[in-house]
Amino acid sequence: KQEVTQIPAALSVPEGENLVLNCSFTDSAIYNLQWFRQDPGKGLTSLLLIQSSQREQTSGRLNASLDKSSGRSTLYIAASQPGDSATYLCAVHNTGKLIFGQGTTLQVKP
Amino acid sequence: EAGVVQSPRYKIIEKKQPVAFWCNPISGHNTLYWYRQNLGQGPELLIRYENEEAVDDSQLPKDRFSAERLKGVDSTLKIQPAELGDSAVYLCASSSEAGEMVGQFFGPGTRLTVL
């Protein structure tokens, strides 16, 4: 059974700092891995999707990496801003459905 | 292009009452998903539709939950009767035939509170 874990559960950093969010999964047989952002009381916004054959994807200040063999993904946020404060969820696409981690809640202080 | 639409956004009911949620996916998306998200947790799949066929409902509590996707477009998720433990956010998502390549797109969710 696929299990997805995100560490840490919460993170607080000062504005401008670079940071890394971690995601691990137990079964490397995945189609892709997707990172989402969720603001309080809102739905999920897709940030990046990495195919199983890819090693990383970049969008603006965000960079996501994937290492299937070790069952790990990281989301790197450069030069963090208060507007980045949200919960970040990773999900692996496995047999037609997404399996989510429990999320990392990020607070960026001005 | 309009995103995934869900209604209502919020619902408060007393236990044992029925409740229904509605979802309209992105136009042209043949796959529709219902997820449930408990507080502080990631979403968990309840049911997945390919067009009008439910292809994965293994996590749907069938004694009280039901879903339908008539005509393969919009969908309704129903709970009858609701229990206190059903309080959660119910998220709808959709994807195209290229879903594995472009991922799933989520609606804003319906926050259900059962008193």
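Just so we're clear, the structure is a prediction, and the values are computed from it rather than from any experiment.

> Explanation requested: the overall build of chain B in the structure shown.
Of the regular secondary structure elements, chain B holds one helix and 11 strands. Walking chain B from its N terminus toward its C terminus, one meets helices and strands in the order β-β-β-β-β-β-β-β-β-α-β-β. For a compact globule of 115 residues, the expected C-alpha radius of gyration is about 13 Å, and chain B comes in at 13 Å, within 12% of that figure. Projected onto the principal axes, the alpha-carbon positions of chain B cover approximately 40 × 25 × 20 Å. Among the 115 residues that make up chain B, the fraction classed as buried is 46%. A separation of at least 24 residues holds for 54% of the contacts in chain B among residues at least 6 apart in sequence. Across chain B, 12 positive and 15 negative side-chain charges occur, with their mean positions spaced 9 Å apart.

> What am I meant to see in the pattern of salt bridges here?
When the charged atoms of two side chains with opposite charge come close together, those side chains can pair. All names here are of chain B. Summed over the entire model, instances satisfying the criterion amount to seven salt bridges over all chains. For aspartate 86, the salt bridge identified is with arginine 36, shortest N-O distance 4.0 Å. You can see aspartate 86 sitting in the loop between β8 (75-79) and β9 (88-95) and its partner arginine 36 sitting in strand β4 (residues 31-37), a full 50 residues away along the chain. Take aspartate 86: its relative accessible area is 2%, and that puts it in the buried class. Exposure remark for arginine 36: the relative accessible area of 18% places this residue in the buried category. Notably, a salt bridge pairs arginine 64 with aspartate 86, separated by 2.6 Å at the nearest N-O pair. In this pair, arginine 64 sits in the loop between β6 (53-56) and β7 (65-68) while aspartate 86 sits in the loop between β8 and β9, placing the two residues 22 residues apart along the sequence. The same class applies to arginine 64 as to aspartate 86, namely buried. Three or more residues joined by partner-sharing salt bridges are found here, namely Arg36, Arg64, Glu83 and Asp86.

> I keep staring at unusual backbone geometry and nothing clicks. Help me out?
Generally, phi is negative for residues other than glycine and the peptide bonds are trans, each holding for most cases. In this chain, Ile7(A) is followed by Pro8(A) through a cis amide linkage whose omega measures 0°. Counting through the fold element by element, Pro8(A) comes out in the loop between β1 (4-7) and β2 (10-14). The omega torsion of the bond from Gln80(B) to Pro81(B) falls at -5°, within 30 degrees of zero and hence cis. Among the structural elements, Pro81(B) can be located in the loop between β8 and β9. For Ala79(A), which is not a glycine, the phi torsion comes out positive at approximately 45°. One non-glycine residue, Asn51(B), lies in the positive phi region at around 55°. Examined against the element boundaries, Asn51(B) turns out to sit in the loop between β5 (44-50) and β6.

> In this structure, what is going on with the interface of chain A and chain B? I would like to understand it.
Interface size is commonly expressed as the accessible area that is lost once the parts come together. Taken residue by residue, the interface counts 20 residues in chain A and 23 residues in chain B. For the pair chain A and chain B, the two sides together bury roughly 1,600 Å², of which 50% comes from carbon and sulfur. Of all residues in chain A, the largest losses of buried area upon contact with chain B belong to Leu44(A), Lys97(A) and Phe100(A), amounting jointly to 26% of the total for that side. At the junction of chain A and chain B, the tally comes to zero salt bridges. The interface formed by chain A and chain B includes five residue pairs in polar contact (both at pLDDT 80 or more). Of all the secondary structure elements, the ones that give two or more residues to the side of chain A that touches chain B are β4 (32-38), β5 (44-51), β9 (86-94) and β10 (97-100) of chain A. For the side of chain A that touches chain B, the element with the most residues is β4(A), which contributes four residues. Each residue belonging to the side of chain A that touches chain B can be placed in one class, and the counts come to seven nonpolar, 11 polar and two charged.

> Would you explain the side chain of His29(B) in this entry?
Structurally, His29(B) is set in the loop between β3 (19-24) and β4. Setting aside anything within four residues of it in sequence, one finds His29(B) in contact with Arg69(B), Ser94(B), Ser95(B), Ser96(B) and Phe105(B).

Cut-off values and rules
- Residues numbered from 1 in each chain as written.
- Chains lettered and ligands numbered in written order.
- Predicted model: local features only at pLDDT ≥ 70, side-chain atom pairs only at ≥ 80, totals over all residues.
- Heavy atoms only, no water.
- Helix = DSSP H or I, 4+ residues; strand = E, 2+ residues; numbered from the N terminus.
- Rg over C-alpha atoms; globule rule 2.2 N^0.38 Å.
- Buried < 20%, exposed > 50% of the residue type's maximum accessible area, 1.4 Å probe, protein only.
- Contact = heavy atoms within 4.5 Å.
- Lys, Arg positive; Asp, Glu negative; His and termini not counted.
- Charge placed at Lys NZ, Arg CZ, Asp CG, Glu CD.
- Salt bridge = Lys/Arg side-chain N within 4 Å of Asp/Glu carboxyl O.
- Buried area = accessible area lost by both parts, 1.4 Å probe.
- Polar contact = N/O pair within 3.5 Å; in protein donor to acceptor, adjacent residues only side chain to side chain.
- Nonpolar A, V, L, I, M, F, W, Y, C, P; charged D, E, K, R; others polar.

Everything listed is a geometric property; what it means functionally is a separate question.
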